[in-house]
Amino acid sequence: MSGGLVLVLGGARSGKSRFAEGEVRRQPAPWAYIATAEARDGEMEARIALHRSRRGEGWQTHEAPLDLAGTLKALPPEQPVLVDCLTLWLTNHLLAEHDLDAEGAALESALAARPGLTVCVANEVGFGIVPDNALARWFRDAAGLLNQRLAARARQVVLVVAGLPLIVKDVTP
Amino acid sequence: MSGGLVLVLGGARSGKSRFAEGEVRRQPAPWAYIATAEARDGEMEARIALHRSRRGEGWQTHEAPLDLAGTLKALPPEQPVLVDCLTLWLTNHLLAEHDLDAEGAALESALAARPGLTVCVANEVGFGIVPDNALARWFRDAAGLLNQRLAARARQVVLVVAGLPLIVKDVTP
Amino acid sequence: MSGGLVLVLGGARSGKSRFAEGEVRRQPAPWAYIATAEARDGEMEARIALHRSRRGEGWQTHEAPLDLAGTLKALPPEQPVLVDCLTLWLTNHLLAEHDLDAEGAALESALAARPGLTVCVANEVGFGIVPDNALARWFRDAAGLLNQRLAARARQVVLVVAGLPLIVKDVTP
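Just so we're clear, the structure is a prediction, and the values are computed from it rather than from any experiment. Chains are numbered independently. Their residues run from 1 in the order of the written sequence. For this description, chains carry letters from A and ligands carry numbers from 1, given in the order in which they are written. Confidence filtering applies because this is a predicted model: local features only for residues at pLDDT of at least 70, side-chain atom pairs given and counted only at 80 or more, and all residues used for totals across whole chains, interfaces and linings. Heavy atoms throughout the structure, all of them, feed into the side-chain values; hydrogens and water do not.

Caption draft 1: Quick look at the UniProt feature "active site" (unreviewed entry) in chain A. All names here are of chain A. UniProt positions are given in the numbering used here, feature names are shortened, and annotations may be inferred rather than shown by experiment. When the UniProt feature table is mapped onto this chain numbering, "active site" (unreviewed entry) sits at His51. Under the DSSP-based scheme used, a helix requires at least four consecutive residues in state H or I and a strand at least two consecutive residues in state E, with every element numbered from the N terminus. Secondary-structure assignment places histidine 51 in helix H2 (residues 42-55). A 1.4 Å probe rolled over the protein chains alone gives each residue an accessible area, and that area as a share of the maximum for its type sets the label: buried under 20%, exposed over 50%, partly exposed in between. Look at histidine 51 and you get buried, because its relative accessible area is 16%. Residue contacts for histidine 51: discarding those within four places in its chain leaves Ser17, Tyr33 and Asp84. Note on contacts: a residue pair qualifies if any of its non-hydrogen atoms lie within 4.5 Å across the two residues.

Written as C-alpha cells, this is what we have:
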C-alpha cells in the first residue's frame, strides 16, 4: 500500500522538505504541492523561491496559508500530495487568532478522507530550553500537540536528521 | 525482568509523560506518582491539573519538588514509580542554589537501591542554538549532564518524538 | 574498513565529544585531536581545559579555529583524527565574515582525500523555535546545511542522546 499519511518531522535546515519531496516522487506525477507559507518578508520570499526552483517539473502548486482542509478535499483523492509545512500553517492560524483545536480536527478529518499518499512536513520545535516569551511557549505547545495528533494516525513517521531519515513509526502493511 | 530504571526523554509537548504513564501501568497498581512541579503560576497550575485528570484511578501522588531521593527511599521497594519530571526537580534545586552535583549523586544512589520499576521523565533541552543568557546555558549544561548520568545506569532509554518512542538503549535481560 | 568519515551529532551536553573520542580510540594511537575552539572567555577556557584533561595520553593536539582543511591535509593520511567541533569552526568563519559555502566545499574535499578515520563532532541546533535574531537564524541555517552536506558523504552518522548513540546512517562495508 502506498497511500495514507506520512509525517516528516525535522529541525530547521534538516533536509526534511527535500526528503518529503523524494517520498512523493516515488509515485506517478502529477504531484500536488500545497504551500502554506506566506511571503511576509524578503527572507521568506527567498526561501520559497529556492524550494520552488528545486522541485522542478511535475508539480501542481496550491497555496493554502489557512484553508488546508478545504484545499486537500478539492484535490483528486488518489493524487500524491506534499504539504509543506504544517508548522507555518499553524503559525498562520495562531496569528489570525483562530481556534487551533478546531483547525486541527478539521485537518485530521480531511487527511483521513484521502486514500492517496499525503506527505506532511512539520518542524520539531520542542527540544530547546523553555522560551522566555509566553506566545512562543504557547506556539511550541500547539505545534507539539498537532504533531502528536497526526503522528497517532500516520502510517509512517520519520524524523529527518542532517538529511537522513530516522524511522519513528512504520505500520505500512 | 520488569524493574529497574527507565529514562524517558523528550521535548516540550512530545507526549513523554503520557508514554511514561503507559509504561508504569503495564505493572499492577497501585502506582506511585512523584510530582516535582511546584505550582508557581497559573500556567503551571493548569498543566498540573491536566496531567492529574488524565492519570485517573490507581495512582498515589507524592510531591517532591526537592527531596526526590528521600521520597523514593520511603516508597515500598517493589512499587512501580513514575517521576515527572527530573528537569523541573533540577530547576527547583538550581533556583535554591543547591549543589547540583551532590543532588544528582543522591538521586543516583536512591534509584540504584530500588528493585522495582522507576520510570523517570526528563526534558531533552540541548538541541537549540546557544541561549543568550548565562543561567540558561548553565541550566542546559546541568540538565544534559544529569540525563547522561542517569542514561548510563538505566535499563532502557527512550526518546519520545510526537508521542512515539525511539529506543535509544535497551539492556532488559 | 575502519577509515572514512564519521559524523557525530548531538545537542549541548549530550556526551557527543566523549562518544567521538571513544570511536577514535578504537584505532591505534597516536590520535590527532583538532580543536576548533578559541578561548574567547573564561567559560570557554574552562570547557577546553575539561576536555583536554579528560582525553589523557596518546593525543596530538592541533588548533584550527579557521584552517581546518589545511590542518587535515598536513596530517598523515592514515592517522585517526577527531575534529571537535565543526559548529565552532563554522561560528569562527561566520564571525570573520568568510564565504561559508566555499569553506564548506574546501572542508569536504579535504575530508574526501583522507583514507584514515576522521570523526567530526557537530551540534544539532535546529530543534528549537525560530530564534528572534537574524544572525542566529542565519547561523542555524548554515550549521544545518553543513551537517547535511557532510552527512551525505559520511560512512556513518550518529546522533548522541544522553551519551548514547542513535545510528542514523551506516554504510560501513
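Caption draft 2: Representation of the interface of chain C and chain B. On the chain B side, the residues contacting the 23 residues of chain C number 20 residues. What counts as buried area is the accessible surface, traced by a 1.4 Å probe, that two parts surrender upon association, with contributions from both included. Taken together, the two surfaces of chain C and chain B that pack against each other cover about 1,700 Å², and 66% of this comes from carbon and sulfur. Whenever Lys or Arg places a side-chain nitrogen within 4 Å of a carboxyl oxygen from Asp or Glu, that contact is recorded as a salt bridge. The residue Asp141(B) makes a salt bridge to Arg13(C) at a minimum N-O spacing of 3.5 Å. For the purposes of these results, a polar contact is taken to be a pair of N or O atoms within 3.5 Å, where, inside protein, one atom must be able to donate a hydrogen and its partner to accept one; residues adjacent in sequence count only when each atom of the pair is a side-chain atom. Where chain C packs against chain B, one counts 2 residue pairs in polar contact (both at pLDDT 80 or more). Under the convention adopted here, Pro, Cys and the residues Ala, Val, Leu, Ile, Met, Phe, Trp and Tyr are nonpolar, Asp, Glu, Lys and Arg are charged, and Gly plus all remaining residues are polar. Its residues assigned to classes, the side of chain C that touches chain B comprises 11 nonpolar, 7 polar and 5 charged.

Caption draft 3: Region of interest: the nonpolar core. For our purposes a nonpolar core is just a set of buried Ala, Val, Leu, Ile, Met, Phe, Trp, Tyr and Cys residues, chained together by side-chain atoms within 4.5 Å. If you look at the biggest cluster of nonpolar residues, it comprises 114 residues, and the most contacted ones within it are Leu7(A), Leu86(A), Leu7(B), Leu86(B), Leu7(C) and Leu86(C). Filtering out sequence-adjacent residues up to four positions away, Leu86(B) remains in contact with Leu7(B), Leu68(B), Leu107(B), Cys120(B), Val121(B), Ala122(B), Leu146(B) and Leu150(B).

Caption draft 4: Just the sheet that holds strand E4 (residues 81-84) of chain C, in detail. All names here are of chain C. The strand order across the open sheet formed by 7 strands is E3-E2-E4-E5-E1-E6-E7, and the pairing between neighbours is mixed. Of all the strands in the sheet, the pair left with one neighbour each is strand E3 (59-63) and strand E7 (164-170). If you compare each strand with its neighbour and ignore which way they point, the axes differ by 20° on average. In this structure, strand E1 (residues 4-10) lies alongside strand E6 (residues 156-161), joined through 5 bridges in parallel fashion. Across the sheet, the residue bridging to leucine 9 is leucine 159, located in E6. Relative to the sheet, helix H1 (residues 16-25) contacts E1, strand E2 (31-35), E3, E4, strand E5 (117-123), E6 and E7, its axis offset from that of E5 by approximately 175°. Strands E1, E4 and E5 of the sheet are contacted by helix H4 (residues 86-95), whose axis makes an angle of about 65° with E5. Strands are labelled as partners when DSSP assigns at least two bridges between them. To get an axis, fit a line to the C-alpha atoms, keeping to the stretch in contact for a helix; angles then go from 0 to 180 degrees between the N-to-C directions.

Caption draft 5: Local environment of the relation of the copies chain A and chain B. All copies are superposed by least squares; the fitting set is the C-alpha atoms of residues with a pLDDT of at least 70 in both. Note on the identical chains: chain A maps onto chain B by a rotation of 120° and an axial translation of 0.0 Å, with an RMSD of 0.0 Å. Between the two chains, the operation in question is that of a three-fold axis. For chain A, the minimum C-alpha distance to the rotation axis belongs to Gly128(A) and amounts to 2.7 Å.

Caption draft 6: Seen up close, the sheet that holds strand E4 (residues 81-84) of chain B. Residues and elements named next belong to chain B. The strand order across the open sheet built from 7 strands is E3-E2-E4-E5-E1-E6-E7, with neighbouring strands paired in mixed fashion. The open sheet is flanked by strand E3 (59-63) and strand E7 (164-170), the only strands paired with a single partner. Each adjacent strand pair in this sheet contributes to an overall mean axis angle of 20°, direction not counted. Its contacts with the sheet place helix H1 (residues 16-25) against strand E1 (4-10), strand E2 (31-35), E3, E4, strand E5 (117-123), strand E6 (156-161) and E7, and it is angled at close to 175° to E5. Sheet contacts for helix H6 (residues 134-153): E1, E5, E6 and E7; angle to E1, the most-contacted strand, approximately 140°.

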